[in-house]
Every structure is written in C-alpha cells, then in structure tokens.
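Overview (structure and organization)
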Amino acid sequence: MDTIRTDVIGALVAAVPGLTAERARELLTAPPDSAMGDFAFPTFAVRDRFDNAPPPAVARQLAAAIRKPASVARIEATGPYVNFFAEPAVLARTVLESARAAGARWGATDLGQGRTVVIDFSSPNIAKPLGIAHLRSTVIGNAIRNLHAFCGWKTIGVNHLGDWGTNFGKLLSAWEKWGSEESLKERGVEFLKDLLVRFTEAERADPAFRQQARDWFRRLESGDPEAKKVWQHFRDISLAEFRRVYSLLGIEFDSWSGESAYVDRMAGAIAELEARGLCSESQGAYVVDLTAHGFKEPFLLRKADDASLYGTRDLAAILYRRRDLGARALVYVVAADQKLHFRQLFKVAELLGVDVEPVHVEFGLMRIVNAEGVREKMATRKGTIVLLHDVLQAAIERVHEIIADREWDAARKSRVAHQVGIGAVIFNDLSRTRTRDIDFNLQQMLDFDPETKAFKGETGPYLQYTHARLSSALRKYGKEPPASVDFTLLTTDEDRAVLRQIGRFPDIIRDATTRYEPSLLSRALIDLCGEVNRFWRNQRILSDDAALTDARILLVQTARRTLRTGLDLLGIEAPEEM
Ligand code: ARG
C-alpha cells in the first residue's frame, strides 16, 4: 500500500498550500469501509488554508483540484473527507508483489533493530493454583512477545514467579504443624493453598502464630537449609503443575527467575538508594518517600520486622534487567490492580537513573459465564478457584463433542480438538481491547453451526476454519501459482476488499506492537476473514478461466499467509483441515 500512499501524499502536497509530506502522512487515514475508498484525507485540519471554508466545501474543492496520480482511479469528496480509490490493478500488483517478496516476513517492520526487550508475563504465585486470572497475563504477554520478536526485537520472556515473601513463612510454619507428604503428593498445590488458608485462620485466633511465621521467613531469608529445602519442594511441585497448563497453551518462557532470584540483589539496590539519600524510616519501616512526586504512599523497602518485600525484589529485578540483560525496553504484563505498585516502582527506578522507560501493560478482569449464561462473580466457583487447567480441558472437550461425527481417526480428532479448543480460549482473551473486562463463555467462543458445520462468530475457531478453507482451495489447485499473474483481473469489489485487508497488515502489526495491543491484530484478522468469506459467497476461485484462476489463487495464497502469520503471532495454531 505504501507506494500508492506515497503517490496520494504527493498529490495532496501539490494541491494544499503549505502542506508538508510528513503532515499529510499523519493525517491520511484508512476509511472504515472499502466502499469509501482506500485512503481518506480529513479537510478540517487544513481548512485555514482555504479561508476557513466549511470542511465539506474544502473537500469538494480539493477533490476537483487534485491531480490524479496513475495509481489512483478516483477521487471523491464525502462529507469533510477527500477519499482516494486506488487503481484496482495497481492495488493488486502492489499488495501481492510486496507480500510475495516479503515471504514469511510479510507484515514485519524492523522496529526493534536487534535491541533487547524483557517481557515479564504470566508470573503466578507458587503454592497457589494457577487461576483463570493468570490466563490473561499469559496469553496477552505471549502475543506481545511474538509481535516484538517478529518486529526485530530480541525478546526475553520472563516468568517472574511469586516464589518469595512472608507468605512462605506462614506456609513453612503451617507445614511444620499440619504438613503431610502424602496429601501433598495427592493434592499438590491445592493442598498448599489449604494449608495457607488454615494458617491464616489460626493466626487470627492466636497471635503467637504470627511470630512463628515471621521466624520461619527469617530462617528462609537467611538461607537456613531446612527452610530452603521445604521451600524448594513446594516450588518444584507448583512448577510441575504450572507447566502442564503452559504446555496445553503451547507457551514457553526464556527465564523462570522469580522473586527469589533477586534476594541477593536487594541489599545492593537499597545501598544505591541510600547513596542518593532517598531512603527514610516511616512507622518503623524502611521506605522511599515519594510525596514530592505526587504519591501519598511511600514505596516500601523493608518491613518493621526486617522482612523484604515484593517491591524491593522488583526494584532489584529492574536493575538486573537493564544492566545485566542489557534490556532497552521493559514490559510488565500484569493486571490493572497493581497500577500503583508499578507507578511507584518506575518512579524509584527513574530516581536511580535507570535509563529505560518501563511499561505496565495492564488488563481488565475475566469473568466466568456459566452454562445458564450467568456471570459468576470473581474467579471462584463453589468457594474454590476455577482452575485454568480444568477450564482449558472443558474447551477441548466441547470441541470433541462438536466434531464427534467427523470421519477422522481418534488421533486426528484429538489433535483438532486441542488446536480449536485452545485457539478459542486464546482468541477470546485477545479479541477485545485488553483494558476491558471480558467474559469467559464457552458457548460463545465455540460458536458452531451444526447445519453448515462451520464455526462462526468473532471467534478463534472461525479464523481457523477460514484458514482451513483457504488451505483446501490451494490443495485443490495443486501447484504454485505463476510468478506473474494478470493483475487487471482482480478488480471486483470483493477482490479489492480482500486486497485492502491484506495491504494494511504491516500497519496493523506495527500498531499492535507499539501499543502492546494484540486485539488490533485480532480484529484485523476478523475483518480479513469477513472479506474472504464474502469473496467466497460471490466469486469463484477455481474456474475454467486459467488466467483468472491463477490470479485468484495468488490472492488466496497471500490471504492465507497473512492469516497464518497473524494466528502464529497471537499464539493460535492454524490447522490445514477442519
Ligand atoms: N506474582 C504477581 C501476581 O501474581 C505478579 C508479578 C508480576 N511481575 C512483577 N515483576 N511484579 O500478582
């Protein structure tokens, strides 16, 4: 699209007094609907150059005055906009040739230029079951990591496990009282969670418990071998459970350095703060006072009983990531309720002169919608956390039911059920602006029409299904399309609409990456598939006309590759057949 865009910009610059090419590029947008052309120029931004005439009048005047470049078929005024319609054959050639030349890199822009970004995502707390709340961080973080890697960043995906803190004092103390190796083996993390709940209740009745927990945590922090051994055991058990979920999702991490990895670095971080005179005492605790920077609450470094804190470990982690890992960008994919923590943390890092701008990529809550369509408050059901593993299995099971009557062998059925079930869950999470709250509704994310045997709705399976259909058309064609096709044949409305969706792919990828917003990509893929399916309803791909078939197959091949790359980036598998 870029060459046509450049032509349009040139024509605008020549027609609007004082308009620079940069400004024109900024102002030029894509109309919401391809019936309104391929580029739209808003005239209200330049009406001062036309005696402040009303924008629609400026638009009419400009549309008549602009000299039409060869790549543009038509220029029209619509309300305050001047709309440009690309010459269909030029559009087809530009988009399809650029995509072919880029190959598997179609859509990528070298934004990272080899720089390193650390993406902190998923990061659950050990000794607690992985709940549905952690799904969001995991899935959004993975997509952000993929997008960055695609755009030339060196990515380090870190699972910053919550594997340290005063809770472990409680847990070790509870283990000493009520621990049972047998129950732990049998019930795993669920048992650890119960121990912690039991301890917290007991602590309320008897303050002596509190002291015992503190003592245990102090032993752990000072490297006591017995405390360390039990802690390690809990960590191993938790990790084994977490890994089952990650492997279902097909998500991996480059590092599992959690909070415990920074225990030895906290003193150094605090010493740096002290050297800059930034530390003070407040109600017995050791803190960084941030009132001068607009915060009511201080940033806590150490509690009155000397125990270290979440924030202190995060501060040590920032220093490590910037200095030892050489990160130029730091991304934290963490729920919105930790906003204050990150604002404070980033301020303290800034006061230490850390030359990097960290970002907190926040997201809204996920609510479970049960089979009766009722939203269940919080992520709890019957008093227990809804286990992520169970939820994922439920999605896979549901696909098994849907595809039960296909004449496939069992291995293939379970492969497809897995791909589609997990794809549905992932897409559901990535399909809406991440800061919004979303529903987890299995019925909706696996919207299936038994009559046509098609997956529909704005869902992952619908994208996968469209991908499989495109793949099947290519299989039927059975060879590589020729290097050069007759682009003047790709000029129907439907061709143009698909081309336009493919053509904006590089812009979409760039925006999704720089705004940490995978939903932009999700929605663009929905739009692409919408146009592909409209194309299918109204046009034929394979026909007796060999030249037309070749041209359309090239279009299909490019649409498929675009969709495939998009699904890969979102972390969704793309089956060839469904
Ligand atoms: N463990 C925390 C939680 O589950 C999230 C950690 C996020 N990462 C970080 N560097 N603070 O709430």
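Data block above holds the structure.
What you see is a predicted model; the values in this text were computed from it and never measured.

Focus on the side chain of H160
Of note, H160 is situated in the loop between β5 (154–158) and α6 (166–178). Overall, the relative accessible area of 5% leaves H160 in the buried class. Not counting residues within four places of it along the chain, the set of residues in contact with H160 comprises D120, S123, S257, G258, E259, Y262, D314, A317 and R321.

A closer look at the nonpolar core
Buried together is how nonpolar side chains tend to be arranged in soluble globular proteins. By size, the foremost hydrophobic cluster in this structure holds 163 residues, and its most contacted members are F41, F84 and L521. Take this core: its biggest share by element is eleven residues, from helix α10 (residues 225–249). With residues up to four places along the chain from it excluded, the contact list for F41 reads L12, L19, L27, L28, V46, L62, P80, Y81, V82 and F84. With 28 residues, the next largest nonpolar core counts L290, L319, L330 and V334 among its residues.

Here we look at the site of the ligand
Around the ligand sit D120, S123, N125, H134, H160, Y310, D314, Y332, V334, Q338 and F342, and that is every residue in its neighbourhood. Between a nitrogen atom of the ligand and a side-chain N or O atom of N125, the distance comes to 2.7 Å. Separating a nitrogen atom of the ligand from a side-chain N or O atom of D314 is a distance of 2.7 Å. Protein chains shield 89% of the accessible area of the ligand, which is 350 Å² for the free molecule. Across the shell around the ligand, the residue classes tally to four nonpolar, five polar and two charged.

Observations regarding the sheet that holds strand β12 (residues 375–376)
The strand order β12-β11-β15 describes an open sheet built from three strands, whose pairing is mixed. A single partner strand is all that each edge strand has here, and the edge strands are β12 and β15 (438–440). On top of the sheet, helix α5 (residues 132–150) reaches β11 (366–369) and β15; it is set at about 125° to β11, its chief contact.

Focus: the pattern of salt bridges
Going through the model one piece at a time under the given rule, you end up with 38 salt bridges. A salt bridge links R5 to D2, with the shortest nitrogen-to-oxygen separation between them at 3.1 Å. Here R5 and its partner D2 are both found in helix α1 (residues 2–15), three residues apart, which amounts to about one turn of the helix. Relative accessible area serves as the criterion here: at 46%, D2 is assigned to the partly exposed category. The partner of E203 in a salt bridge is R210, and the shortest N-O contact between them spans 3.5 Å. Since its relative accessible area comes to 9%, E203 is described here as buried. According to the relative accessible area criterion, R210 is partly exposed, its value standing at 39%. The network of salt bridges with common partners includes D2, R5, D507, R510 and D511.

So, helix α9 (residues 208–221)
Here α9 contains 14 residues, and its C-alpha end-to-end distance of 20 Å stays within 8% of the 20 Å for a straight helix at 1.5 Å per residue. Residues of α9 that are buried include every one of F209, A213, W216, F217 and L220, and no others. Looking down the long axis of α9, one finds its buried residues gathered within 95° of arc, a one-sided arrangement. Buried-residue contacts for α9 involve α6, α8 (189–205) and α10.

Some remarks on unusual backbone geometry
Positive phi values are uncommon outside glycine, yet Q113 reaches one of about 45°. Topologically, Q113 is positioned in the loop between α4 (88–102) and β4 (116–120). Given the relative accessible area of 58%, Q113 is considered exposed. For A127, which is not a glycine, the phi torsion comes out positive at approximately 65°. Turning to its location among the elements, A127 is positioned in the loop between β4 and α5. The exposure class of A127 is buried, given its relative accessible area of 4%.

Considerations on the environment of E494
Turning to its location among the elements, E494 is positioned in helix α18 (residues 493–503). On the basis of relative accessibility, which here comes to 10%, the residue E494 falls in the buried class. With residues near it in sequence (within four places) discarded, E494 still touches R534, F535, N538 and Q539. At a separation of 3.0 Å, a polar atom in the side chain of E494 contacts the side chain of Q539.

Calculation notes
- Residues numbered from 1 in each chain as written.
- Predicted model: local features only at pLDDT ≥ 70, side-chain atom pairs only at ≥ 80, totals over all residues.
- Heavy atoms only, no water.
- Helix = DSSP H or I, 4+ residues; strand = E, 2+ residues; numbered from the N terminus.
- Buried < 20%, exposed > 50% of the residue type's maximum accessible area, 1.4 Å probe, protein only.
- Contact = heavy atoms within 4.5 Å.
- Core = buried A, V, L, I, M, F, W, Y, C linked by side-chain atoms within 4.5 Å.
- Near = heavy atom within 4 Å.
- Polar contact = N/O pair within 3.5 Å; in protein donor to acceptor, adjacent residues only side chain to side chain.
- Areas by Shrake-Rupley, 256 points an atom, 1.4 Å probe, with all protein chains shown as cover.
- Nonpolar A, V, L, I, M, F, W, Y, C, P; charged D, E, K, R; others polar.
- Pairing = 2+ DSSP bridges.
- Axes fitted to C-alpha atoms, helices over the stretch in contact; angles between N-to-C directions.
- Salt bridge = Lys/Arg side-chain N within 4 Å of Asp/Glu carboxyl O.
- Expected span 1.5 Å × (residues − 1).
- Arc of directions from axis to C-beta.

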